[in-house]
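# Fold and contact review
Chain residues, written in single-letter form:
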Amino acid sequence: MQNNPSNFSGFGDEEVLLKEFVTSKGSLEVAAEVSIEGKTLKLKNISIFPKDVRRLELSTREVLE
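Quick look at the structure, then.

Reading the values: the criteria
- Think of each chain on its own: its residues are numbered from 1, step by step along the sequence as written.
- Local features in this predicted model are restricted to residues whose pLDDT is 70 or higher, and side-chain atom pairs enter the listing and the counts only when it is 80 or higher, whereas totals over whole chains, interfaces and linings include all residues.
- Note that the side-chain values use all heavy atoms of the structure and ignore hydrogens as well as water.
- Following DSSP output, two strands are said to pair if at least two bridges run between them.
- Every helix listed is a DSSP run of H or I at least four residues long, and every strand listed is a run of E at least two residues long, numbered separately from the N terminus.
- Salt bridge, as used here, is a side-chain nitrogen of Lys or Arg placed within 4 Å of a carboxyl oxygen of Asp or Glu.
- Burial here depends on accessible area, computed with a 1.4 Å probe over protein chains only, as a share of the maximum for the residue type. Under 20% is buried, over 50% is exposed, and the range in between is partly exposed.
- Only residues whose relative accessible area exceeds 30% and that form no salt bridge enter a patch; like-charged residues are grouped when within 9 Å of one another, and nonpolar side chains (Val, Leu, Ile, Met, Phe, Trp, Tyr) when within 5 Å.
- In short, Shrake-Rupley with a 1.4 Å probe defines the accessible areas, and a residue's cover is counted only from the protein chains shown.

### Here's the deal with the pairing of strand β3 (residues 40–50)
The pairing of strand β2 (residues 26–37) with β3 spans 9 bridges and is antiparallel. Paired with E29 across the strands is F49, a residue of β3. Turn length for the β2-β3 hairpin, with the two strands adjacent in sequence and antiparallel, is 2 residues, and the turn residue G38 shows positive phi of about 65 degrees.

Below, the structure is given as structure tokens:
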């Protein structure tokens, strides 16, 4: 696992990103594999799931925001 601070400080190639996002309807947890290709940060195998609730209904637009 190598860190590439010149392009994406804090991200390492092939690391797993874990992040929590708060929405108006509840919190989401996101997990994704990080890949750095030149000046592009790519997220692969993204998993998005609600935190602390069994079901959270959000539109695609709300998730992207």
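That covers the picture; the talk isn't over yet.
### Quick notes on the pairing of strand β1 (residues 16–23)
For β1 and β2, the ladder comprises 8 bridges, and the chain directions are antiparallel. Following the sheet pairing, L17 is matched in β2 by A32.

### A few points about the pattern of salt bridges
When charged atoms on two side chains of opposite charge get close, those side chains can pair. Applying the stated rule across the entire model yields 2 salt bridges. One salt bridge in this structure joins E20 and K51, with 2.9 Å as the shortest N-O distance. Taken as a pair, E20 in strand β1 and K51 in the loop between β3 and α1 (60–64) lie far apart in primary sequence, 31 residues in all. Look at E20 and you get partly exposed, because its relative accessible area is 36%. Of the charged contacts, one joins E37 and K42 as a salt bridge, the two residues approaching to 3.1 Å between their closest N and O atoms. E37 sits in the partly exposed class, given a relative accessible area of 43%.

### Brief notes about a nonpolar patch on the surface
On the surface, a nonpolar cluster with roughly 320 Å² of combined accessible area is contributed by L43, I46, I48 and V63. Tallying contributions element by element places β3 first for the nonpolar patch, with 3 residues. Within the secondary structure, V63 sits in helix α1.

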